[in-house]
Amino acid sequence: MTTSLGEVLDNRRTAEFHRAARALLKEPLLLARGPSADAYRLVRRYAAELRDWFERNTGWSLRVDAESARLRKTPGTLADAAHPAREASRACVPFTRRRYVLLCLALAALERGEAQIALGRLAEQVVLDAADPHLAAAGVEFTLERREERLDLAAVVRLLLRYGVLRRVAGDEDAYVSGAGDVLYDVERRVLAGLLAARHGPSLIDAERFEERLSALAAESALDSDELRFRAIRQNLTRRLLDDPVLYYDELTDEELAYLTRQRAFLTARVSELTGLVPEARAEGIAMVDPHDDLTDVRMPEQGTHGHVTLLLAEHLAAADGEVSRGELERRVRELAAVHGAFWSKNAKQPGTEGELVEQALAKLTALGLVRRTLAGVAPLPALARYAVGETVVVEPTSRTSQRKAQQP
């Protein structure tokens, strides 16, 4: 049976639309130049359809101009701390609290500045702003007197280079850190202006506690009718199906669960229509499975020592009856080293490294929705059952899409 030209073109268009949507979900800020240029061009081609889909189904806005495409994502849940901003280096070290503060101060300084800026000048502005009494009262200090502080600022700048906010003209950050030179940057003001992904301006927030301020930044407008409340629930559930590896029913409110029970087929079909993800429902929740296995920022299983340790600990936790303490996991790593050490890196076999190995494994398992950290240690979640010895696949947690999350500022 032959396929008509119209069907071929329709299939091609659907595949391109999926690729454009997936590109935005993986990198909500795509630049017209550099490694993301092809994805940017694809998003620009389908900008109208994508903008309409995201606005109706998630409440996320999409802005596409001659320099970039920016999907302003807000997470379905604000309690997820498992996807921090990371240093733009091979180590991928998570940002500390101070680096987040420096990032905000640097963005504020760049917003007030000129089209070009030197790193030394940016540092001076950040130091001045960091002298704010409120920051001092919160224990945040930045004086440039220590090399560690200059390293923090360099990490912030490299993240902004990756986002496309800055473009290096001359110099090198390592030279600045060592005191041997400075760096000059062009400031991409249109990209800078699109970074903030909040429904309300931070300067308009009166709340003082962190959790309250975060909620206020992402708060919906007044939901004074059933139609608006149901729309907000639909959009929040869709965001979680797109962004979370597993949507567990017990994490939902009664109203959200009731809505999902009635509308599950509709919601999952809409997500599949956008991305090509396949819904997999179980008694505990829903995962949107990725047949292409590329729509994720955290992989498991993964090659290398850390990937092997993570997989072995997942197997151990899947067989556990309830919570497991950190101490027990570290003892398990020492036992595993005796059996599998010949295949591990030399550093991983050194005494005392089990704590770091456990922490890296737990960070990945938490990000994938496979375990939950508790005061007593770690509690396995239902999706972890797929890693139990002799068990069949229960849930495929490979649908995590984003950002960068620490979410781009």
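Scroll up for the structure.
Residues numbered from 1 in each chain as written. Predicted model: local features only at pLDDT ≥ 70, side-chain atom pairs only at ≥ 80, totals over all residues. Heavy atoms only, no water.

Caption draft 1: Expanded view of the sheet that holds strand β3 (residues 68–72). In space, the 3 strands of this open sheet follow the order β1-β3-β2, with antiparallel pairing throughout. Looking at the sheet topology across the chains shown, the edges are occupied by β1 (29–31) and β2 (61–64). The sheet shows a mean angle of 5° between the axes of neighbouring strands, direction not considered. Together, β2 and β3 form the strand contacts of helix α3 (residues 47–57), whose direction differs from that of β2 by roughly 160°. (Pairing = 2+ DSSP bridges. Helix = DSSP H or I, 4+ residues; strand = E, 2+ residues; numbered from the N terminus. Axes fitted to C-alpha atoms, helices over the stretch in contact; angles between N-to-C directions. Contact = heavy atoms within 4.5 Å.)

Caption draft 2: Local environment of the pattern of salt bridges. Under the criterion given, the structure shown has 36 salt bridges. Its salt-bridge partner being D244, residue R240 comes within 3.1 Å of it at the nearest N-O pair. Taken as a pair, R240 and D244 share a single burial class, namely buried. Each of E87, R98, R99, R146, E148, E149 and D152 takes part in salt bridges that share partners, so that together they form one network. (Salt bridge = Lys/Arg side-chain N within 4 Å of Asp/Glu carboxyl O. Buried < 20%, exposed > 50% of the residue type's maximum accessible area, 1.4 Å probe, protein only.)

Caption draft 3: Seen up close, helix α13 (residues 305–318). Compared with the 20 Å implied by 1.5 Å per residue over 14 residues, the 20 Å span of α13 between its first and last C-alpha is a close match. Among the residues of α13, T305, G307, V309, T310, L312, L313, A314 and L317 are the ones counted as buried. (Expected span 1.5 Å × (residues − 1).)

Caption draft 4: Representation of the nonpolar core within the structure. In terms of nonpolar packing, the biggest core is built from 39 residues, with L110, L119, L122, L160, V165 and L166 touching the most fellow members. Only β1, α4 (97–112), α5 (119–130), α7 (147–163), α8 (173–178), β6 (183–187) and α9 (189–193) provide two or more residues apiece to this core. Excluding residues within four positions of it along the chain, V165 makes contact with L110, L160, D186, V187, E188, V191, L192 and L195. By size, the runner-up hydrophobic cluster in this structure holds 36 residues, among which are Y40, W60, I286 and L295. (Core = buried A, V, L, I, M, F, W, Y, C linked by side-chain atoms within 4.5 Å.)

Caption draft 5: Representation of the packing of α13 against helix α15 (residues 354–367) within the structure. Contact geometry for α13 and α15: axes closest at 9 Å, N-to-C directions at 70°. Our classification of the angle between α13 and α15 gives roughly perpendicular. For the pair α13 and α15, contact is made by H306, V309, T310, L313, A314 and L317 and by L357, V358, Q360, A361, K364 and L365, respectively. (Parallel < 35°, antiparallel > 145°, perpendicular 65-115°, else oblique.)

Caption draft 6: View of unusual backbone geometry. Of note, the phi angle at L144 is positive, near 70°, even though the residue is not glycine. With respect to the element layout, L144 can be found in the loop between α6 (133–137) and α7.

Caption draft 7: Spotlight on the sheet that holds strand β4 (residues 116–118). Ordered in space as β4-β6-β5, the 3 strands form an open sheet in which the pairing is antiparallel. A single partner strand is all that each edge strand has here, and the edge strands are β4 and β5 (166–171). This sheet shows a mean twist of 25° between the axes of neighbouring strands, independent of strand direction. Set on the sheet, α5 makes contact with β4 and β6; between it and β4 the angle comes to about 80°. Against the sheet, α7 contacts β5 and β6, and its axis sits at roughly 120° relative to β5.

Caption draft 8: A look at the packing of aromatic side chains. Under the defined criterion, the tally for this structure stands at 5 aromatic pairs. With a centroid separation of 5.6 Å and an interplanar angle of 85°, the aromatic rings of W53 and F54 are classed as edge-to-face. Here W53 falls in the buried class, since its relative accessible area comes to 2%. An aromatic cluster is present here, built from W53, F54 and W60 joined pairwise through their rings. It is R99 that lies over the ring of F95; its NZ or CZ is 5.9 Å from the centre. (Phe/Tyr/Trp six-rings, centres within 6.5 Å; stacked < 30°, edge-to-face > 60°. Lys NZ or Arg CZ within 6 Å of the ring centre and 35° of its normal.)

Caption draft 9: A look at the pairing of strand β9 (residues 285–289). For β9, the buried fraction is high: 5 of the 5 residues fall into the buried class. Burial along β9 is two-sided: the residues G285, A287 and V289 and I286 and M288 are all buried. By the bridge criterion, 4 bridges tie strand β8 (residues 278–281) to β9 in an arrangement that is antiparallel. Bridged to V278 within β9 is V289. Here β8 hands over to β9 after 3 residues, the two strands then running antiparallel side by side.

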